[in-house]
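Listed below, chain by chain, are the residues.
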Amino acid sequence: MLQEFKAFIARGNVLDLAVAVIIGAAFATITTSLTEDIIMPVVGAIFGGADFSSYFIMLGPVPETYTGSLNDYAALKKAGVPLFGYGQFITVIINFVILAFIIFLIVRTANKLFKKPEEPAAPKGPSEVELLAEIRDLLKK
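Per chain, residues are indexed from 1 in the order of the written sequence. Predicted model: local features are reported for residues with pLDDT of at least 70 only, side-chain atom pairs are reported and counted for 80 or more only, and whole-chain, interface and lining totals are derived from all residues. Only heavy atoms go into the side-chain values, all of them from the structure, while hydrogens and water stay out.

### A word on the overall build of the protein
Right, on to step 1. A tally of regular secondary structure across the protein gives 5 helices and 2 strands.
Right, on to step 2. Numbering of helices and strands starts at the N terminus; helices are DSSP runs of H or I of at least 4 residues and strands are runs of E of at least 2. Along the protein, helices (α) and strands (β) appear in the sequence α-α-β-α-β-α-α when read from the amino end.
Right, on to step 3. Dimensions of the protein along its principal axes, counting C-alpha atoms only, are 105 × 45 × 30 Å.
Right, on to step 4. Whether a residue is buried, partly exposed or exposed follows from its accessible area with a 1.4 Å probe, protein chains only, as a fraction of its type maximum: under 20%, in between, or over 50%, in that order. Out of the 141 residues in the protein, the part that is buried amounts to 15%.
Right, on to step 5. Contacts are assigned to residue pairs that have any heavy atoms within 4.5 Å of one another. A sequence separation of at least 24 residues applies to 49% of the contacts in the protein between residues at least 6 apart.
Right, on to step 6. By the counting scheme adopted, Arg and Lys are positive, Glu and Asp are negative, and His together with the chain ends is not counted. To locate a charge, take atom NZ for lysine, CZ for arginine, CG for aspartate or CD for glutamate. Taking the 12 positively charged and 13 negatively charged side chains of the protein as two groups, their mean positions are separated by 10 Å.

Spelled out as structure tokens, the structure:
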């Protein structure tokens, strides 16, 4: 079993997948920064708020011991207040769309760069009718 596992790990596909996952995680960090630090502040400014993640609805009471701002989504969430954080959800959706679009562009470019040459058509052999006629002729002998 150990030898099979070693052979499985040594195959190129597994190593390629591991590298892709690591690069993907780093790329996701870049995309998250692009979304949170560049795009969402602009979207928030258009909709009248400095921070888009501050759009939420409180679904329950704030604990009496809470002393922070009632507009701080992260602090309220940490304090255990039930929140409907639609602003944060929209941020995540936008992050996903940006990441999916960039991956689409990368795959599209890679497909153009590494276009496989078309394989020549296999040489045609005799048709079914010709084969059946040949068998018939052989059987007549």
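Still more ground to cover, so stick around.
### A few points about helix 4 (residues 86-113)
Right, on to step 1. Taking 1.5 Å of rise per residue, the 28 residues of helix 4 would be expected to cover 40 Å, and the 40 Å separating its terminal C-alpha atoms lies within 8% of that figure.
Right, on to step 2. Of the positions making up helix 4, those classed as buried are Gly-87, Thr-91, Asn-95 and Ile-98. The span expected for a helix works out to 1.5 Å for each residue beyond the first.

### Let's talk about the side chain of Thr-31
Right, on to step 1. Looking at the element boundaries, Thr-31 is found in helix 2 (residues 12-46).
Right, on to step 2. Take Thr-31: its relative accessible area is 2%, and that puts it in the buried class.
Right, on to step 3. If we ignore the near neighbours within four places in the chain, the residues touching Thr-31 are Asn-95, Ile-98 and Leu-99.

### A word on the nonpolar core
Right, on to step 1. The criterion is simple. A nonpolar core is a set of buried Ala, Val, Leu, Ile, Met, Phe, Trp, Tyr and Cys residues joined through side-chain atoms within 4.5 Å. Judged by nonpolar contacts, Phe-56, Tyr-66, Tyr-73, Leu-76, Val-81 and Leu-83 together constitute the single largest core of 6 residues.
Right, on to step 2. With near-sequence residues (within four places) excluded, Val-81 lies in contact with Met-58, Gly-60, Pro-61, Val-62, Pro-63 and Leu-76.

### Considerations on the packing of aromatic side chains
Right, on to step 1. Two rings from Phe, Tyr or Trp (for Trp, the six-membered ring) form a pair when their centres sit within 6.5 Å of each other. Planes less than 30 degrees apart are called stacked, planes more than 60 degrees apart edge-to-face, and all others tilted. Under the criterion given, the structure shown has 4 aromatic pairs.
Right, on to step 2. With a centroid separation of 5.5 Å and 50° between ring planes, the pair formed by Phe-56 and Tyr-73 is classed as tilted. Residue Phe-56 is located in the loop between helix 2 and strand 1 (57-58), and its partner Tyr-73 is located in helix 3 (residues 73-78); the two are separated by 17 residues in the primary sequence.
Right, on to step 3. Phe-56 sits in the buried class, given a relative accessible area of 14%.
Right, on to step 4. Residues Phe-101 and Phe-104 carry aromatic rings whose centres are separated by 6.4 Å and whose planes lie at 35° to one another, so their mutual orientation is tilted.

### Thoughts on the environment of Leu-83
Right, on to step 1. Following the sequence through the fold, Leu-83 ends up in strand 2 (residues 83-84).
Right, on to step 2. For Leu-83, a relative accessible area of 18% puts it in the buried group.

### A look at the pattern of salt bridges
Right, on to step 1. Salt bridges are identified by distance alone: a Lys or Arg side-chain nitrogen within 4 Å of an Asp or Glu carboxyl oxygen. All told, the structure shown has 1 salt bridge when counted by the stated rule.
Right, on to step 2. Its salt-bridge partner being Asp-137, residue Arg-136 comes within 3.3 Å of it at the nearest N-O pair.
Right, on to step 3. For Asp-137, a relative accessible area of 36% puts it in the partly exposed group.

### Things to note about a nonpolar patch on the surface
Right, on to step 1. By definition, no residue in a patch forms a salt bridge, and every one has over 30% relative accessible area; like charges are joined within 9 Å, nonpolar side chains (Val, Leu, Ile, Met, Phe, Trp, Tyr) within 5 Å. Accessibility throughout is a Shrake-Rupley quantity obtained with a 1.4 Å probe, and a residue counts as covered only by protein chains that appear here. On the surface, a nonpolar cluster with roughly 880 Å² of combined accessible area is contributed by Ile-57, Leu-59, Phe-84, Tyr-86, Phe-89, Ile-90, Ile-93, Phe-96 and Val-97.
Right, on to step 2. The dominant element in the nonpolar patch, judged by the number of residues it contributes, is helix 4, at 6 residues.
Right, on to step 3. By secondary structure assignment, the location of Ile-93 is in helix 4.
Right, on to step 4. Ile-93 gets classed as partly exposed once you look at its relative accessible area, which sits at 40%.

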